[in-house]
Structures are given as structure tokens and as C-alpha cells.
Protein chains: 2
Amino acid sequence: MGTAARGCGPLIPSLSESSRPLRQQIFERVRAAGLMPRVLVAKELGVSPASVTTLTSELIEMGLLIEVSARRDTADTGRGRPAVALGVKADARLVAGIKLSDREHTAVIVDFAGNLVADEAIPRNPGSMELSDLVDATEALIDRICARAGIPVEQLSAIGLGVPGFVDSHSGYVHWSPVLSSRYVPLAAAATERLKVPVHIDNDANLVTLAEQWFGAGRGLSNFAVVTIEHGVGMGFVLNHRIYRGAHGMGMELGHTKVKLDGALCRCGQRGCLEAYVADYALVREATTALNLTNRETQSVNILLESLFDHAKAGNSAARSIFHRAGRYLALGLANVVNLFDPELIILSGERMRYDYLYANETLAEIKEMALNTRRPVPKIEIHAWGDLLWAHGAAALALSEVTERVLGATREMAAQ
Amino acid sequence: MGTAARGCGPLIPSLSESSRPLRQQIFERVRAAGLMPRVLVAKELGVSPASVTTLTSELIEMGLLIEVSARRDTADTGRGRPAVALGVKADARLVAGIKLSDREHTAVIVDFAGNLVADEAIPRNPGSMELSDLVDATEALIDRICARAGIPVEQLSAIGLGVPGFVDSHSGYVHWSPVLSSRYVPLAAAATERLKVPVHIDNDANLVTLAEQWFGAGRGLSNFAVVTIEHGVGMGFVLNHRIYRGAHGMGMELGHTKVKLDGALCRCGQRGCLEAYVADYALVREATTALNLTNRETQSVNILLESLFDHAKAGNSAARSIFHRAGRYLALGLANVVNLFDPELIILSGERMRYDYLYANETLAEIKEMALNTRRPVPKIEIHAWGDLLWAHGAAALALSEVTERVLGATREMAAQ
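Only a predicted model underlies this, so the values are computations on that prediction, with no experimental measurement involved. Residue positions are given per chain, counted from 1 along the sequence in the order it is written. The order in which chains are written sets their letters, starting at A; the order in which ligands are written sets their numbers, starting at 1. Note on the predicted model: pLDDT of at least 70 is required for a residue's local features to be given, and 80 or more for side-chain atom pairs to be given and counted; whole-chain, interface and lining totals, by contrast, use all residues. In computing side-chain values, all of the structure's heavy atoms are included and hydrogens and water are not.

J.: Tell me about the pairing of strand β11 (residues 224-229) of chain A, and please be specific about residues and values.
T.: Put simply, side chains in a regular strand alternate between the two faces of the sheet. All names here are of chain A. Most of β11 sits out of view: six of its six residues are buried. Each residue is assigned to one of three classes by its accessible area relative to the maximum for its type, calculated with a 1.4 Å probe on protein chains only: buried under 20%, partly exposed between the two thresholds, exposed over 50%. Helix numbers and strand numbers start at the N terminus; a helix is a DSSP run of H or I with at least 4 residues, a strand a run of E with at least 2. Of the two faces of β11, the one lined by Phe224, Val226 and Thr228 and the one lined by Ala225, Val227 and Ile229 are each fully buried. Any two strands with at least two DSSP-identified bridges between them are counted as paired. Note that β11 and strand β12 (residues 233-239) share six bridges and pair antiparallel. Following the sheet pairing, Val227 is matched in β12 by Met235. Between the end of β11 and the start of β12, which pair antiparallel, lie three residues.

J.: How would you summarise the nonpolar core if you had to cite specific residues and measurements?
T.: The biggest cluster of nonpolar side chains holds 105 residues, and the ones touching the most others in it are Phe237, Leu308 and Phe341 of chain A together with Phe237, Leu308 and Phe341 of chain B. Contacts were defined at the residue level, with two residues in contact if any of their heavy atoms lie within 4.5 Å. Setting aside anything within four residues of it in sequence, one finds Phe341 of chain A in contact with Met235, Phe237 and Met252 of chain A together with Tyr244, Gly246, Ala247, Gly251, Leu340 and Phe341 of chain B. Residue types Ala, Val, Leu, Ile, Met, Phe, Trp, Tyr and Cys, when buried and joined through side-chain atoms within 4.5 Å, form a set referred to as a nonpolar core. By size, the runner-up hydrophobic cluster in this structure holds 36 residues, among which are Met36, Leu64, Leu86 and Ala399 of chain A.

J.: Any details on the side chain of His393 of chain B? Residues and values, ideally.
T.: Structurally, the position occupied by His393 of chain B is in helix α12 (residues 390-408). Judged by relative accessible area, His393 of chain B falls into the buried class, the value being 15%.

J.: Summarise the sheet that holds strand β15 (residues 380-385) of chain A; cite the residues concerned and give the values.
T.: Within a sheet, neighbouring strands are paired by backbone hydrogen bonds and run either parallel or antiparallel to one another. Residue and element names in this part refer to chain A. Read from one edge of the open sheet, five strands run β13-β12-β11-β14-β15, paired in mixed fashion. Each of the sheet's edge strands pairs with one partner strand only, and the pair in question is β13 (242-244) and β15. Mean inter-strand twist for the sheet, computed between neighbouring axes without regard to direction, equals 25 degrees. Helix α6 (residues 204-215) rests against β11, β12, β13, β14 (345-350) and β15 of the sheet, and its axis sits at about 45 degrees to β12. The axes used here are C-alpha line fits, helices contributing only the stretch in contact, and every angle between their N-to-C directions lies in the interval 0 to 180 degrees. Lying on the sheet, helix α10 (residues 317-341) is in contact with β11, β12 and β14; it crosses β14 at an angle near 135 degrees.

J.: For the environment of Leu94 of chain A, give the residues involved together with the corresponding values.
T.: Residue and element names in this part refer to chain A. Within the secondary structure layout, Leu94 lies in strand β4 (residues 94-100). Judged by relative accessible area, which is 14%, Leu94 ranks as buried. With 59 residues separating them in the primary sequence, Leu94 and Val153 have C-alpha atoms 10 Å apart. Once residues within four sequence positions are removed from consideration, Leu94 is found in contact with Ile109, Val110, Asp111, Val117, Ile151, Gln155, Leu156, Ser157 and Ala158.

J.: Lay out the packing of helix α8 (residues 280-290) of chain B against helix α9 (residues 301-313) of chain B in plain terms, naming residues and giving numbers.
T.: Residues and elements named next belong to chain B. Interaxial distance between α8 and α9 falls to 9 Å at its minimum, and their mutual angle equals 60 degrees. For the element pair α8 / α9, the angle class is oblique. Here α8 runs over α9; the crossing is left-handed. Contacts from Asp280, Leu283, Val284, Ala287 and Ala290 of α8 reach α9 at Val301, Leu304, Leu305 and Leu308. Taken together, the residues of the contact of α8 with α9 break down into eight nonpolar, no polar and one charged. Should an angle lie under 35 degrees it is considered roughly parallel, over 145 roughly antiparallel, and from 65 to 115 roughly perpendicular; all remaining angles are considered oblique. Each helix crossing is assigned a hand: it is left-handed if the near helix lies turned anticlockwise from the far helix by less than a right angle, otherwise right-handed if that turn is clockwise. Polar here means any residue outside two lists: the nonpolar Ala, Val, Leu, Ile, Met, Phe, Trp, Tyr, Cys and Pro, and the charged Asp, Glu, Lys and Arg; Gly therefore counts as polar.

J.: I'd like to hear about the pattern of salt bridges, residue by residue, with values.
T.: Residue and element names in this part refer to chain A. Salt bridge criterion: a side-chain nitrogen from Lys or Arg within 4 Å of a carboxyl oxygen from Asp or Glu. Inspection of every chain in the model, using the stated rule, returns 30 salt bridges over all chains. Measuring nitrogen to oxygen at the nearest pair gives 2.9 Å for the salt bridge that ties Arg23 to Glu58. With Arg23 in helix α1 (residues 22-33) and Glu58 in helix α3 (residues 49-61), this residue pair connects regions lying 35 residues apart in the sequence. Judged by relative accessible area, which is 10%, Arg23 ranks as buried.

J.: So what's going on with the packing of aromatic side chains? Which residues, and what values?
T.: Each Phe, Tyr or Trp ring (for Trp, its six-membered ring) is paired with any other whose centre lies within 6.5 Å, and the angle between the two planes then decides the class: stacked below 30 degrees, edge-to-face above 60, tilted in between. Going through the model one piece at a time under the given rule, you end up with 14 aromatic pairs over all chains. Aromatic side chains Phe27 of chain A and Phe112 of chain A sit 5.4 Å apart centroid to centroid with 35 degrees between the ring planes, which places their arrangement in the tilted category. With a gap of 85 residues between them, Phe27 of chain A in helix α1 and Phe112 of chain A in the loop between β5 (104-111) and β6 (116-123) connect regions that are remote in the sequence. Across this residue pair, the class does not change: Phe27 of chain A and Phe112 of chain A are buried. Aromatic pair Phe237 of chain B and Phe341 of chain B: ring centres 5.0 Å apart, planes at 50 degrees, arrangement tilted. With Phe237 of chain B in strand β12 (residues 233-239) and Phe341 of chain B in helix α10 (residues 317-341), this pair connects stretches of sequence that are 104 residues apart. Pair check on accessibility: Phe237 of chain B and Phe341 of chain B agree, each one buried. Looking at Arg93 of chain A, its charged tip hangs above the ring of Phe112 of chain A, at a distance of 6.0 Å from the centre. Cation placement over rings: the criterion is NZ of Lys or CZ of Arg within 6 Å of the ring centroid and within 35° of the ring normal.

Okay, here's the thing in C-alpha cells:
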């Protein structure tokens, strides 16, 4: 560590949790809850009702929150007093979320409360693209979904853009992605320049985590881990109601933690990555052996996996052993998450959480065998399957986060007493 | 996740970074820096000099900070204008730090600026103790070091107490420790009751991390990881100038992450833990084979290891292969830290970082082979060897943290605008 890095303050402003104004925290709690009375906001944040009243007045004046009258549900008399809850003003802003993947591009537009306004999916031919082609594809998709929503592109406050691979959300650079033919690509800047709307990028796992936090099983939870198992293995982590990306926004690569020295080859080029034991391609490369296939390269991953799954269910021992080993390695990976991050809940999330072999009781028992032996029980593990728009929803949540940060989190001075 | 856990706010107040008052942040930055001009404080925290002036006046009035006049070092004229820096008022508080271990108990008393006032070490017979015996030992040590410092025990504002094992710093419970004969022991409460001074507990790795942050290679750094390799393998992590213990204070157990399915037996009773490949006992159990020893149980760990090390240096291939494998597993563990936490710096810290085989260029090259392949270089890795009082210093840093939190961080209302 050179002296230059000392004493120069946080490098990544958005990691400075301590500077997040209370006003922003209030807004985020209300959005997570949907509707929330002021007294509950005050209680949750541990501040006085008077402070909450002052700050929510500001948020209402800014056109971000609204008051919603709701009669209390008192079954006995029907004379419940009217209660006022706070809610997000849905039409305050619109954002878009886009997911670019190998198979198809998907997009959603949501309002400021996260309600779906429009959605769109375009199939594509697999393969990596040049940056300009990828920006072209993004622009075409944005034009199309805005037309569907009946709004001009300029009405979007921000666009969230998700790509698989190693993505530095803070700098807006993609270090490596299967959809891009180059490394170290300034994707956020290029897309922002083209679309004239701020574009924020992130990787798959963080998008899923944001989707769970804003729209899914993580709504209102202060901490949880999300693990995704599909083409790769990803991880996201929410701590104190905020997504945590490692110290510089490039951590949480659970899929590339090493679970065996000199182990199986991973598509990242290294050996022994967790992903190389549990991702779909890891199963597929063993499937040909189990199914006694000749080398028919033309079979798609999905067809091969479905066939392998059918054989396993029918009792084929080679097919079963593939799933068995994958399940054990998954258990090892999840136990490591428990031992390092100690989360309240682990959500196994993904577009298609189909292969229940991976989430069998056996796997859960193995996690317990490998998690720290304390009095505390192993965290609850929930399986959450989404439809095709999961990733785009996550990208929209990213855009909403960034807009909120821009509108409410910009001035550090507000944290001063 | 049951509904009970939703919407009830953060469970662990000290994890609520967002509530840490700016006044406390200012104090902590000044303490980390030693001496710091107001303008630099303002710059680092991204707030106005006016806010800093107001808040430092409060801190000076509270008797926690002082102004120190220092003539600027202008070599050319000697007429540099006098500059005023802020410093911690050293005699504002006194705290003690104690480390209880299998081999000896150590203690220090430090002032509020972290200066050593007195130290003490008492050898002991190995073996676990009952809670009451352990509290007796703590009391005896505190009496002795207070006598040495010439102060009554009541003058201590807090005591930090470090024990090896699985320690929940927030609840004050020890889930398991080699120095305690029972599990799930309310050590902090029992010691506080006896000593009539607030006692805070934590595990080895967090103490070393605090020692590095307050007194060592981590002073003033916003994020770094600390990995300790001795009787076990520990890890601590500082994020945004704060120690991060996992979501519930029981994470960061790097030594018990699994690096091999069904691997070597660990002293925790599970298989395949990193510790079971790199800790001293892991080396020792192979050493008898390498050194062709008969089973002489009486040889101490240290003597066996020194002998093994000598043989390796002399070219004994079996001895070398033990260190070689340990070094490779260490590289794997550190690469996993990089891939998950993405730290700026990793400090390999410990009381005796002797076995340089573990930190050879070979090991560093292996880390690079297993860390995420991005344009960013692998984080810098520093080796930091301390004397015997490392742990006690860390315990004192824990006590200082807690006192600071108590004096400056208690009221969340201060974060309200």
C-alpha cells in the first residue's frame, strides 16, 4: 500500500454508507414496504417521529412521496380511525431496465414505485459483439419499448443495463463478458452518450439481488445473500438494506472461488472454480458420458440438460452421480457463504430454478455439515424461481437506485448536524 | 424468512453505518491520523470546513480532542506560518486490553490516543477452564496491570477481552473456545459483573484487524483484509473505516471455509477446512512422517515446526512438500478473499510470521493464478509480524472503539437533519 492511497478518503462515494442522508433512508424504507405509516418509519430507523415528519414533508414537496389514507381494518366495529400511510409517488419518474444476454435481450419500463409499465423481449443469435453493435442493440430495444409504453426516450430518468461477466458497476467498465468481443470496455459511458439518458451497468448476480430486494423475497430485509445458478454461478449480498459489491465493486464472485486445487477447468480459464462443478456447462460436459452420446455438438445445452435430468429421475446412476456431485459442491459453496457472510437468509434465485436435485434435502443437510458449528441454526435457504423478466427487473431496480441516489443522496452536507 | 423478521429494522445497531454521526467520524479520522488539520478532515469526509469547525469545537469542549500548534516545515526560510492540527486528548480515557490464550495471558493499558501505559504477561498451563476460573484469571490480570500503571480499576473506561474461537462480539457470548470448557458462555456479561467495568469481547482475528487499523499497517486505510495464520486461520475485514463482522457478527471464518470436499480433518470436527491445510497443527501432523519420527507426543508444536522448517531449508523433499502444499492452499484461500471481497490490501498479520515458505514468490504467483482475471492487479499483500502484545493491543483497540461509540455514537438522533 503506497502512501498515496492513505488518508485520501473513501474512493467510492456510494460505499460511504455513513453519508447516506436520513431522507434517502426514509424514502427507501417506504418504497420497500409499499405503504408505511410515519410512526413505523421512525421506529425502524430509530429516529424521532418529529424528524420523520419534517423529512417526509420535504419528500412530499419534492413530489416523491404521497400520503395515502387507509381506514384501519377493525373487524369488530368497522369504526377504525383513518390512518395515514406514506407511499412512493409512482409517476414521479420512469426508468428502463435492459438485460443483454447470449440468448435474448429483454427490457422493462417501470414507474418510481416499481410497477411494470411495459416489457419487451427480442431473441438473438448467440455470440459476442463489438461495443458499437451492442450499443445499437440497446438503442433499438429502448426505442421499441418506449414506443410500446407510448413515451419518448427522454422521459426516462435512467436506464439500467445488465450484462453477464465481470462488470465494474462504479466505473461503468466491463472487464470481460461473453456478449462482448473485447475486454475492458467502457459500456456505461458509450451507452449514455448514444442514448442521452444516464445508463448504469451491473452484472447478472447483482441485478438478481436488486430484483429480490426491490420486488422479490428480499423486500424490506436488512440483510440477505442471493446465489444464482444458471450459465454461471453468481452471488449478491445485501447488508443494512444496501447492496454490497466488495470494496471496489468487483467482489462477490462466488462462482470463481476455488473449491478444489487444480480442479475442473472453468470457462474463465482457471481451474477449480465452484462454477466449473455446478453451472450448466459443467453438467453438460459430463452429460455426454452419462448418456453415452457420440459427440453431437449440435444438441443445445437445454435439451441435453433436460435429457440428463430425465435419466437421473429414471434411475440412471451415472446421471444421478453428476447431479449428486454438483449438489455437494453447491452445498460447499453455500456453506462458505454462511461461514464468511453469516447472512439471515440465502435466496437461491434465477430465471429457471428447475433442477430440484440441486436443492434436495440431501444438499441442505450437507450445508449444515459444512457450516460453522455454533448454536445459531444455519440460515434459512429459500428457492425463488422467476420468469424471463427477472434480469430486466433487476436492471430497472438498478436504475431506480441510481435515480434515488442522484435525487436524494447527492449532498453529503445533509449528514452534518 | 418469517414475517417477524421483516420490517423490524436492523437487529445490530452497530452495523448501522448510516447512523454513525459525523462527529464520531471526525474523531476517528483524527485518531487514525495522529495529527490532522481541520481542512484535511473536511476534505476526507467531503463536508464543509464550517461543519468540521462546529463539530470539532464540540469535541474539544467534551475534552476528547485538543489543538496542537505546529510550525510548518518550510526548509527554505524557516518562516513557515504556524499551523493548527487536531489530535486526540490522550489522557481523556484509559482502557485495558487482555488476551487470554492457551499459552499465556497478556494485557496492556493504553490511553485514549492509543499510547501504551503499561503491559503485563502471565504464562499459564494449557487447557480449557470453567467460566468462573477464566473470570478469576481476568480479574487477577487486571488487578496486576492496574497496580503496575498505578491506577485503580475504576479508572478504566472499558476492557477489551480477546479469546480464540467462535465469539459473538455483539451478544458477548462465546459459542466455542479452546480456553473454555463449555459452549455458549456469556463471557462479556460475567466479566462485566465481576470487574464493574464494561467488558467487550471478540475473537483473535478481529483483534488483530483492530490492532492493524488503530496501531499498525491499516492506519487510515478505508478498506483492507487481515488474514492470520497461527494456531488457526483467521480473517478480519475493514470496510469504509469500520470492522465488518458479517451480517450478525459471526462471519469471516475464512479458516473454516471448505477448500476440499471430504478433505483433511479440522480441529473444528469438520473436513476440508482451509485451516486443516495451513495451520500449525496441520503441518505438525504431517511433520512426523517427513521427519521419520517415532510417535513422541511430548515434542511441542513449536519445536516440531522449527525442525521441519530446518529440514525443508536443508533440502528435505518431504518437508518441502508439506510447506509447498500449505503454501498452495494458502494461495487458494487468499485468492478466494480477493474474488469475494476485492480488498485494496491484504495484511498477513500475526504474532510470529516466521515461516517464509508460506509467503514465497511462488505463493504470490499462485494467488495471481487463482484470482479473478481482470485488468486490475491482484491486491497488494503485506506481511506484518508483531511482538507478543499484538493481541492485547487489539483488545485495547476494541475497548477504545466501544468507548468512542458510547461517548459519541449513542444517539441516532444526531444523524437527523
